[in-house]
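Per-entry structural report
The primary structure of each chain is shown beneath.
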Amino acid sequence: MSRIGKQPIAVPNGVTASTANGVFKVKGPKGELSVPFNQDLTIKHEDGTLLVERPSDAQRHRALHGLTRTLVANAVKGVSDGFTINLELRGVGYRAKLNGKVLELAIGYSHPVIIDPPAGVTFAVPEPTKIDVSGIDKQLVGQVAANVRKVRKPDAYHGKGVRFVGEQIALKAGKAGATGGKGKK
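Quick notes on the rules
Residues numbered from 1 in each chain as written. Predicted model: local features only at pLDDT ≥ 70, side-chain atom pairs only at ≥ 80, totals over all residues. Heavy atoms only, no water. Pairing = 2+ DSSP bridges. Helix = DSSP H or I, 4+ residues; strand = E, 2+ residues; numbered from the N terminus. Buried < 20%, exposed > 50% of the residue type's maximum accessible area, 1.4 Å probe, protein only. Contact = heavy atoms within 4.5 Å. Polar contact = N/O pair within 3.5 Å; in protein donor to acceptor, adjacent residues only side chain to side chain. Core = buried A, V, L, I, M, F, W, Y, C linked by side-chain atoms within 4.5 Å.

Brief notes about the pairing of strand β11 (residues 121-127)
Within a regular strand, side chains alternate between the sheet's two faces. Two elements, β11 and strand β12 (residues 130-135), share five bridges in a ladder whose sense is antiparallel. The residue of β12 that forms the bridge with Thr122 is Ser134. The hairpin formed by β11 and β12 contains two residues between the paired strands.

Written as structure tokens, this is what we have:
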């Protein structure tokens, strides 16, 4: 049994949801999203909650049940609260700034790296070493944050680069044999 798929999704005030032809549409204060889903499944809207139901216990339906419920829940949360992913820059002289909507990074290259956000995603730079990626589509926000991180991944030896806030980097040991040129005795 899918434990995730059976859970009801609470619909907050100010959010409207509808289902038609295999597309779940939700509209809220932050915007609107549409999520395509398999037409074998049904999404029922009753008493301020949404419930995803499957027609049988077939492997295919069980696999789609939890996925569809999670995608619908992310859409509802996105249009009501939105999603934010926080990144941080580590390294001497590494900094970020905003030129209008465009993010400009100085991260150790000979030129500044310029990242233009796609529609539905915004950047914020509360400090020169912190970047906030925000939007209503969880998948798009996560992909944009991963693309920003990919510009300069954290170094395995020093930990310098762009990382998610709270991300732990396992640092490798440096050269252990540096003894000043003397050989073994």
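Back to the text.
Considering the environment of Arg90
Position of Arg90 relative to the elements: it lies in strand β7 (residues 83-90). Looking at Arg90, the relative accessible area reads 39%, which means it is partly exposed. Along the primary structure Arg90 and His158 are separated by 68 residues, whereas in three dimensions their C-alpha atoms are 9.5 Å apart. Discounting chain neighbours no more than four positions away, the residues touching Arg90 are Gly159, Lys160, Gly161 and Arg163. In terms of polar contacts, Arg90 uses its side chain to reach the side chain of Glu88, at 3.4 Å.

So, the nonpolar core
The tendency in soluble globular proteins is for nonpolar side chains to be buried as a group. Counting residues in each nonpolar core, the largest one holds 18 residues, and the members touching the most others are Leu103, Leu105, Phe123, Ile131, Val133 and Val148. Those elements that provide at least two residues to this core are β7, β9 (102-106), β10 (113-115), β11, β12 and α3 (138-151). Residues in contact with Leu105, not counting those within four places in the same chain, are Arg95, Ala96, Pro112, Val113, Ile115, Ile131 and Val148. Counting 17 residues, the second-largest nonpolar core is a separate cluster that includes Leu33, Val52, Val79 and Ile136.

Brief notes about unusual backbone geometry
In this structure, Asn21 is a non-glycine residue whose phi angle is positive, near 50 degrees. Within the element layout of this structure, Asn21 appears in the loop between β2 (16-20) and β3 (23-28). Relative accessible area serves as the criterion here: at 71%, Asn21 is assigned to the exposed category. Look at Asp47: it is not a glycine, yet its phi comes out positive at around 55 degrees. Within the element layout of this structure, Asp47 appears in the loop between β5 (42-46) and β6 (49-53).

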